[in-house]
Amino acid sequence: MRAPTGSHIAAGEVLLAVENVSLSFGGVHAIRDVSFDIRKGEIRAIIGPNGAGKTSMLNVINGFYTPQAGQITFKGQTRSKMRPFEAARGGIARTFQNVALFRGMTALDNIMAGRTLRMHRGLFWQIFRYGPAMTEEVEHRLRAEEIIDFLHIQHIRKIQVGRLPYGLQKRVELGRALAMEPDLLLLDEPMAGMNLEEKEDMSRFVLDVNQHFGTTIALIEHDMGVVMDLSDRVVVLDYGQKIADGSPDEVKSNKTVIDAYLGVAH
Amino acid sequence: MFYREAGQFKTDYASDQAVFPILQDRIGIVVIVLAAYSLVLAQNDFLLNAMMIPFLIFTLAAIGLNLLTGYTGLLSLGTGAFMGVGAYSCYKLTTIFPGVNIIIWIIVSGFFAAFIGVIFGLPSLRIKGFYLAVATLAAQFFLEWCFIRIPWLYNYNVSAAIEVPQRELFGVIVTGPRATAETRYLIVLTIVVVMTWMASNIVHGRIGRMWMAVRDMDIAAELMGIRLLPTKLLAFAVSSFYCGVAGAMLVFLWYGGAESTVFSINQSFFVLFMIIIGGLGSLLGSYLGAALIFMLPIVLRFVPPKFGIPVHAATVEHITFMTVGALIVFFLIVEPHGLARLWQIAKQKLRVWPFPY
Amino acid sequence: MDILYKIFIDPFVQMGTAPDLLVQTLWEGLVGGMLYALIALGFVLIFKASGVFNFAQGIMVVFAALTLVGLHAAGMPAFVALALTIVVMLGLAYAVERVVLKPLVNQPDIILFMATFGLTYFLIGFGELIFGGDPKIMITEELYLPKGAITIKALGGIIGLQKLDIAAAIIATVMVAALSIFFSKTRIGRALRAVADSHKAALSVGISLEQIWVIVWFAAGLVALVTGIMWGARSDVSFALDVIALKALPVLILGGFTSVPGAIVGGLIIGVGEKLAEFYWGPLIGGGTDSWFAFVIALVFLLYWPHGLFGEKIIERI
């Protein structure tokens, strides 16, 4: 795998900033006036109780939801909403809370699909599957194989992902996101429903991705142990509002956060 | 025992990315294609004209629909009309430019169908599932109406039908009443084989993966940078192209003449049933499904009399409808991936036979 | 300019100068629309309760009418035939639940939708095999349905209203009212609405899906029977009706898949719309526009209101 390219932002500077974003569905306020930033090269955790608006936040970041107010600055460009296509082009990849793999396709095809944006041969060459189309296909297969090796999923390469166990599906999904060679990787509960061993494996992958490829990662996670171990900075949401932001230790000792988790009356 | 891949090592990704990575499969394909061509030698008009030619033409239409419904997940009930667009454009083209090779016009008429397909595919951005099915019904009924009410399309013939003119290719009569079944069969077979090969290339490459991604999880596909509208429209275009060519061949190389009823909603269902029974998202399934649906009435018509049971033509039709309906439900329940999956399972069994463990 | 005049001005001049024709056209449209609405109503019943988009509803209409006529032709008194037909529809509902719905529970909607294509073709083949494929005449008189027409002299002309159409309108209204009461006031109605919201949740509170489904399909079968009688009385009873029955689909697009009032309003809009379009604008492009008008309207409509007039808006989640 190659390190992400095309980014002029140095490590440690702000890669993505969310400013005063609000989002509501009908009368339900999912996110209320939230601002935070993600710096290049860090692992940023977004935590909070159920229904705090974490997934909605990710959906705003990669353009699936349109916020009613606020703006998003990504790689120096400010806009009031992202479009899914722009987000993907700009280098934001994503995994989902309930695995959103292409169930009818093999693990290999799923990962190859992640390389779609980087493949360019049009219908003409595809029809003949020869010449440039085949060269391109093999070149990207090589990249896909690197990811397969990295995630240790060689044995399930040609199996339809719909038939894989949950833990492996999550891994393939991470592979598909990595295949996009993203600058920013959004992970929505990458370890939900996993046993201890699987969680350890997944944590290792997340750290490796971050350290070896310098990919910036934003993750939502409920397992506090994992969050505290992995992340550089943590933002805490509750009822759609930001209640804390800082290093894992600061957040851990924050009174509001403890109240939110233990359920003190508001 | 003979169906083994042991010992066939792939040394580069190009050979592993091939459509048929296993040697026996490649040999099998070659044998089948050669056998299909050698049917010409049989000199059997019934075999070619009543069975093989229509079977191949419907297979092509089924492949077209399968690209759209099976691979991209967009349900279309307008197949019949798109086939009609191909047939009528081919008729107009060869009327206006009689000197040009008819095969070229058959292929070119596919582009007209593709164009119309794209126009009626535009709503697919905002709607899916049965909403889209209703939208394609609009295409079906509107185009059918055009075939009846625009006399220019059928050259103002009194019969209100396409009457296929005689066309020659290198001195051999290709279309019209005097063309031999052998000639027409060879042309149909060649076109279908080449277009199957192309479809197989497309679905195994980048575009095929984009289609399947849209089918399996359109939201995830979008968030990965696959733009939904162009992807879906491309599927509509390619699919309608295949249907258009099939429609043109249906009239020019089989019927020899046709009126609008040939391209009715029933034709759309006919083709849809082929891919449901054959297997959604499988090219092989298009062949198997077309064979089953097409052969069923023939079998019903000719087999019972052999055992001394007389059947009326009408009864055959009724029983065909019933059987097809029951088969649809049966396959959706028991094996949603159709005959193609049954074949795969058989192949897997064969691979490990006689020692399954 | 001439063509613009013919499209935008002339039809309205005609409406103004011959209001009796306009009223007659509107009435015809309403009656046609009512039949679409009745088929659509059957769709909505089934869709609400089982999430199945029952493509076969139109065929059930023909099947019910054909059974009724066929049984009568076999020598049964009209009302015995009617009762037996009701039993047949119950049997059909039971068979569909057993053979089609139960094995396909929890499958994607689109698979169930396609399964109803299979059901459609099966019913066509089965019906024709037993009762023959030739068109038949509905037993209107034997069922004491009125015939003849009332003519009203008004608006400078004569407007003819078929008594049968008036009776149909009354019966349809009573049926819709009865169904509404059944679904809002009874225990089964409540269970049905629960099932409509979520199969799993309904199961978990002890509602029997099988029972609900049989009831709903039976109700849809009864609606189909009434529709079939009305329709058959206006034209012949034959499977040629199946293409016309497809017009219930655009009606549903307009009205939304889950709304009974939507189905009725949508049906009337489509019925009136296509009659007006055919009568005033059809001649400009060669006539026969009613074969596609409803579908094209639905198509245009879909682009702006993908959830219909009365449907529920769905927020996609991931």
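Provided above is the structure to which this section pertains.
This report concerns the structure included in the present document. Within each chain, residues carry numbers counting from 1 in the order of the written sequence. Chains carry letters and ligands carry numbers; both start at the beginning, A for chains and 1 for ligands, and go up in the order they are written. In keeping with the predicted nature of the model, local features appear solely for residues at pLDDT of at least 70, side-chain atom pairs appear and are counted solely at 80 or more, and the whole-chain, interface and lining totals rest on all residues.

### Structural notes on the interface of chain C and chain B
Okay, step 1: Taken residue by residue, the interface counts 41 residues in chain C and 35 residues in chain B.
Okay, step 2: Here a helix means four or more residues in a row that DSSP labels H or I, a strand means two or more in a row labelled E, and each is numbered from the N terminus. Those elements that place two or more of their residues in the side of chain C that touches chain B are α4 (78-101), α5 (109-131), α11 (248-255) and α13 (293-304) of chain C.
Okay, step 3: The dominant element in the side of chain C that touches chain B, judged by the number of residues it contributes, is α5(C), at 17 residues.
Okay, step 4: Grouping the constituent residues of the side of chain C that touches chain B by class yields 31 nonpolar, 7 polar and 3 charged. Here, residue contact means that the backbone-derived C-beta atoms of the two residues sit within 7 Å. Amino acids are sorted into nonpolar (Ala, Val, Leu, Ile, Met, Phe, Trp, Tyr, Cys and Pro), charged (Asp, Glu, Lys and Arg) and polar (every other residue, Gly among them).

### Some points on the sheet that holds strand β8 (residues 216-220) of chain A
Residues and elements named next belong to chain A.
Okay, step 1: With mixed pairing, the 6 strands of this open sheet are ordered in space as β6-β7-β8-β3-β9-β10. Across the chains shown, the open sheet's two edge strands, defined by having one partner strand only, are β6 (92-95) and β10 (241-246). Across this sheet, the average inter-strand angle for adjacent strands is 15°, counted without regard to direction.
Okay, step 2: Sheet topology note: the strand β3 (residues 43-47)/β8 ladder contains 4 bridges and is parallel. When the bridges of β8 are listed, I46 appears paired with I220.
Okay, step 3: An axis is simply a line fitted to the C-alpha atoms; with a helix, the fit covers only the stretch in contact. Between two such axes, the angle follows the N-to-C directions and lies from 0 to 180 degrees. Along the sheet face, helix α6 (residues 166-179) touches β6 and β7 (184-188) and points at about 175° away from the line of β6.
Okay, step 4: On the sheet, helix α10 (residues 255-262) packs against β9 (233-238) and β10 and is oriented at approximately 130° with respect to β10. At least two bridges found by DSSP between two strands is the condition for calling them paired.

### Some details on the packing of helix α5 (residues 132-150) of chain A against α6(A)
Residues and elements named next belong to chain A.
Okay, step 1: Taken N-terminus to C-terminus, the directions of α5 and α6 make an angle of 140°; their axes are 10 Å apart at the nearest point. Comparing their axes, α6 and α5 come out oblique. Handedness of the α5/α6 crossing: right-handed. Only G175, L178 and A179 of α6 make contact with α5, whose side of the interface consists of R143, A144, I147 and I148.
Okay, step 2: Looking at the contact of α5 with α6 residue by residue, the class counts come to 5 nonpolar, 1 polar and 1 charged. Oblique is the label for every angle not falling under 35 degrees (roughly parallel), over 145 degrees (roughly antiparallel), or within 65 to 115 degrees (roughly perpendicular). Here is the rule for handedness: rotate from the far helix to the near one, and if that takes an anticlockwise turn smaller than a right angle the crossing is left-handed, while a clockwise turn gives right-handed.

### Focus on unusual backbone geometry
Residue and element names in this part refer to chain A.
Okay, step 1: Look at K75: it is not a glycine, yet its phi comes out positive at around 50°.
Okay, step 2: Here K75 is to be found in the loop between β4 (69-74) and β5 (77-79).
Okay, step 3: The exposure class of K75 is partly exposed, given the 17 C-beta atoms found within 10 Å.
Okay, step 4: Its identity is not glycine, yet H152 carries a phi of approximately 55°, on the positive side.
Okay, step 5: By the element assignment, H152 lies in the loop between α5 and α6. Three exposure classes are used. Buried residues have 20 or more other C-beta atoms within 10 Å of their own C-beta, exposed residues have 12 or fewer, and partly exposed residues fall in between, all C-beta atoms being placed from the backbone.

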